[in-house]
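Secondary and tertiary structure notes
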Amino acid sequence: MPRDLLTQALSHALTQAQNAGDLPKSAAVEVELQIPRDPRHGDFSSSLAMALASETGRPAREIAETIVRHLDLPADIASSVGIAGPGFINFLLSPVWLRGVVRTALEEGEDYGRSNTGQGKRLLLEFVSANPTGPVAVVQGRAAAIGDALARLFERTGWAVSREYYVNDATNSTQVQRFAETLEARYLQQLGKEAPVPEDGYQGDYVVEMAEQLVAAEGDTYLSMSHEQRLAALSEYCLKEIVSGQQHDMAAFGINFDTWFMESSLHEDDQVSKAVETLKSAGHAYEADDALWLKATDFGDDQDHVLVRRDGRPTYLAADIAYHKNKFDRGFDRLIDIWGPDHQGHVRRTKAGVRALGYDPSRFEILIHQWVRLFRGAEMVRMSKRAGDIVPLSGLIEDVGSDAARFFFLMQSMESHLDFDLELAKKQAADNPVYYVQYAHARICSILREAEERGVSLPNIADVNLDRLEHADELTLIRKLADLPYEVSQAASRYEPHRMTRYARELASTFHGFYTNCRVLSDDADLTAARLALVQAALTALRIALNIIGVSAPEKM
RNA sequence: GCGCCCGUAGCUCAGUUGGAUAGAGCGCGGGGUUGCGGACCCCGAGGCCACAGGUUCAAGUCCUGUCGGGCGUACCA
C-alpha cells in the first residue's frame, strides 16, 4: 500500500535528518499519514513537522523542508511532494503508480485487498445468540449483519474465523422455565381450559401460535401429564422448535454458523461446576448469604456477582464463564463476542471471570451494538420479547428483502442507534442506497455484455496500454480502487464494518461519475481496452465490498 | 445515584485515531442524454458540530462539568 511506503520513507527521512544533525533527536514521534479533506492538498498528508515544531521550538515549515530534503521515495510513487499551510507535507500519487492499481486489482481478482495480519490464527466470533424463547428479532438481525461482515473482514485479513451461535438451552434456567410455563398456559387455553399466563411470562402472540401448532401436531398428548412432567416435555419441545426456527431465520439471512453451541452441553459435562471449582480454589470466589460469589472487584468490576445461587443452581454468569473457558480450550487465539445493548451490564463481570481464570484479557473482546428502533411511519415499535411486542427478523426480510436489511444494518456504526422505518424502506425501494450500489454493478456488467455483443474481446491486462487512462474521472476512480485494501484492514482492526458500506456507496458514486464522462466502448481500440480493464477492476472492487457486507451483486436488475 | 452509548444541515447519519475552508444520502431549488442501462450525472441553498470551561501550535474529535435522549444497574437471560 502506498500509505505504508510513504510512511516508511518519512520515518527514514526523519532518522536521516536526525543522524545528519539537521534535526534534534527528540522523543518518539509517530509518523502517520492522513488523507486530506481537500483533494487539492494531495492523496496523503503528514503533520509530522508540526508535531516536531512544538517539541523543538523551530518553525514547522522549516522542519518540513528539512525532512523533505532527506526524503528518498520509491520510484514512480508520487508525482509531487509539497509543503503547505502551517507545515503539512503533502504527497500526490503519480498516474504511473495509480495505473498499477488497475493491474493489481485485475491480477488478484477476488483476492484484491487481502492481507495476512492474522497469520492464519484462529478467531472465534460469537454473535446473535438469541435466547431460545422466540424467533430472532430485528435487533438481533443487526448483530447478525455486523457479525457476518466482521467475520468476512477478518477472513480477508488473514484470520481463520469460526462463527458461533450460543444457545441458552439450559432447561433449569429461569427464562426457559418461564417460557415453558407460558407455553403451558397457552396450550391449555387452546384445549379450552382455564389457565392464566404467568405475570412474568411471555406476552407475545407468537406463543399462542406455537400452542396452536403444538395442538395441531401433538393433540392433547400433554393434557394427562402432571404439571411437572408437562413442563419438562413442553420445554423440550419448544426448545427444539424455537432453535430450528432460529436456524431457519439465520439461513434466510444468509448467515452460516459453523457451530450452534448448546449451553446444556456445558452442564452435562460438568464444565460449569468445574470452572466454578477452579475459581474457588484459586481464591477468586467466596461464600456469602448462602450463595457463591465471584470476586469480580479484583478484576476491574465495581461489584461482585453470584456464581451459584442459594438453591444450588449456577447463574448465567457461571455458565458464561465456563463457556468462554471452553472457547479458549478449543484452541482459539482470539475471541470476539457481539452483544446487544441490554447486555452492556454483563461486559465487566464476564471479562472479570475470564481474567480470574487466568486468560489474557487482550485476547477477548466484547462488542456492544446499539438498538434498532423500528418505526411504522411516526410510530415507534417496541421490541422486547419479554414485553411481548416482538418484531421478528423474518418479517423484516419479507418486507424489504435480505439485501436491503443487511445494507441498512451496516450503514451506520454499531454504537449508534439505528432508526429503521419499515414503511419508508418498503415505499422507497427505488431510492434505497442498496440499489444505487447494485445498479453500478449491473451497469458494469451491461457494458461487458455490450462489448461481447459488439465482438470486442476483453483485453489481457498484459497487453493493455494503461497510459491511456489520463482523464480526471478515470484517475479518481482508480484512487477509489486503491483505497480498498486500507479500508478493509481498517474496518477489521477497528471493528467498523459500516466503513465497507460507505466505501461501496462512494465507489458506486465514483463509478457513475466516470461513466457519465468517459465512454468505455469507442472506436479507439487502445482506449477501449484500457477502459475495459478499468471497468473490470471497478467490478472486482464492488463485488468484494458487497460480498463483505453480505449483499448480492446482481448482473441485471 | 452509578455505568455504557448517543447529541453534527429540515430528516437519517459519516467524519480516516487531534490537522488545512465540517461531508454524504434523502428532502428542497435549478440544470443535463441524437451515446455502453436516466434506478444516472452536475450546480445551488441549508451548520454557534447540544451548552460551558480546560488541554494543545491545532478540538466535531481529548479532559471536566451541565442539559437532553436511549439502555443497563437481579441469586433473569
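Since the structure is predicted, the reported quantities are computational estimates derived from the model, not experimental observations. Every chain's residues receive numbers from 1 upward, in the order its sequence appears when written. Chains carry letters and ligands carry numbers; both start at the beginning, A for chains and 1 for ligands, and go up in the order they are written. Local features in this predicted model are restricted to residues of pLDDT 70 or higher, and side-chain atom pairs are both shown and tallied only at a pLDDT of 80 or more, whereas totals for entire chains, interfaces and linings draw on every residue. The basis for the side-chain values is all heavy atoms of the structure; hydrogens and waters are excluded.

**Describing unusual backbone geometry**
The backbone phi angle of D76 is positive, close to 70°, even though this residue is not glycine. A run of H or I in DSSP becomes a helix once it reaches four residues, and a run of E becomes a strand once it reaches two; helices and strands are each numbered from the N terminus. Mapped onto the elements of the fold, D76 is located in the loop between helix 3 (60-69) and strand 3 (78-84). A positive phi angle, close to 40°, is found at S129, a residue other than glycine. Buried, partly exposed and exposed residues are distinguished by accessible area as a fraction of the type maximum, computed with a 1.4 Å probe on protein chains only: under 20%, between the cut-offs, and over 50%, respectively. Residue S129 is classed as buried on the basis of its relative accessible area of 16%.

**What to know about the pattern of salt bridges**
By salt bridge we mean one thing: a side-chain nitrogen of Lys or Arg within 4 Å of a carboxyl oxygen of Asp or Glu. In total, this model carries 33 salt bridges according to the counting rule given. The partner of D111 in a salt bridge is R114, with the nearest N and O atoms 2.8 Å apart. Judged by relative accessible area, which is 42%, D111 ranks as partly exposed. Given the relative accessible area of 43%, R114 is considered partly exposed. Between R406 and D148 there is a salt bridge, with the nearest N and O atoms lying 2.9 Å from each other.

**Quick look at the sheet that holds strand 3**
At least two DSSP bridges between two strands are required for those strands to pair. The strand order across the open sheet formed by 4 strands is 1-2-4-3, and the pairing between neighbours is antiparallel. Each of the sheet's edge strands pairs with one partner strand only, and the pair in question is strand 1 (33-34) and strand 3. In this structure, strand 2 (residues 44-46) lies alongside strand 4 (residues 88-93), joined through 3 bridges in antiparallel fashion. By the bridge assignment, S46 is partnered in strand 4 with I89. The sheet contacts of helix 3 involve strand 3 and strand 4, and relative to strand 3 the element is tilted by about 155°. It only takes one pair of heavy atoms within 4.5 Å for two residues to be counted as in contact. The convention used is that axes are lines fitted to C-alpha atoms, helices contributing only their stretch in contact, and that angles between N-to-C directions extend from 0 to 180 degrees.

**Describing the domain arrangement of chain A**
Residue ranges assigned to each domain were obtained from an automatic or database domain assignment. One can read the domain layout of chain A as domain 1 (2-93) and domain 2 (429-548). The C-alpha-based centres of domain 1 and domain 2 are spaced at 32 Å.

**Observations concerning the protein's contact with RNA strand B**
Residues are labelled near a given molecule or strand when at least one of their non-hydrogen atoms is within 4 Å of it. Taken together, 66 residues are adjacent to RNA strand B, and N131, Q175, R309, H346 and S446 come closest. Counting only the atoms of RNA strand B within 4 Å of the protein, the fraction contributed by sugar and phosphate is 58%. Pairs of N or O atoms are called polar contacts if they sit within 3.5 Å, as long as, within protein, a hydrogen donor faces a hydrogen acceptor (for residues adjacent in sequence, only side-chain-to-side-chain pairs). Side-chain polar atom of R40 to a base oxygen of RNA strand B: 3.5 Å apart, as the coordinates give it. Contacts to RNA strand B include Q344, whose side-chain N or O atom sits 2.3 Å from a base nitrogen. Only helix 2 (48-56), strand 4, helix 6 (174-190), helix 16 (433-453) and helix 18 (498-517) provide two or more residues apiece to the surface near RNA strand B.

**A word on the side chain of R406**
The residue R406 is located in helix 14 (residues 402-409) in this model. Not counting the four nearest positions on each side in its chain, R406 is found in contact with A145, D148, R152, F253, G254, I255, I549, G550 and V551.

**Here we look at the sheet that holds strand 8 (residues 285-288)**
Backbone-to-backbone hydrogen bonds pair the strands of a sheet. The strands run either parallel or antiparallel. On the basis of which strands lie adjacent, the open sheet formed by 3 strands has the order 8-9-10 and antiparallel pairing. In this open sheet, the two strands that pair with only one neighbour each are strand 8 and strand 10 (305-308). Recorded for the sheet is a direction-independent mean angle of 45° between the axes of neighbouring strands. Across 4 bridges, the pairing between strand 8 and strand 9 (residues 291-294) is antiparallel. Looking across to strand 9, one finds that E287 is bridged to L292. Of the strands in this sheet, strand 9 and strand 10 touch helix 11 (residues 316-329), which is tilted by about 75° from strand 10.

**A word on the packing of helix 16 against helix 18**
Relative orientation of the contacting elements helix 16 and helix 18 amounts to 45°, with a least axis distance of 9 Å. Taken together, the axes of helix 16 and helix 18 lie oblique to each other. The chirality of how helix 16 crosses helix 18 is left-handed. Contacts between helix 16 and helix 18 pair P433, Y436, V437, Y439, A440, R443, I444 and I447 from the former with A504, R505, A508, S509, F511, H512 and Y515 from the latter. When its residues are assigned to classes, the contact of helix 16 with helix 18 shows 11 nonpolar, 2 polar and 2 charged. Put simply, angles under 35 degrees are roughly parallel, angles over 145 are roughly antiparallel, angles from 65 to 115 are roughly perpendicular, and the rest are oblique. Crossing chirality is assigned from the near helix's rotation relative to the far helix, an anticlockwise turn below a right angle marking it left-handed and a clockwise turn marking it right-handed. Residues are grouped as follows: nonpolar covers Ala, Val, Leu, Ile, Met, Phe, Trp, Tyr, Cys and Pro; charged covers Asp, Glu, Lys and Arg; every other residue, Gly included, is treated as polar.

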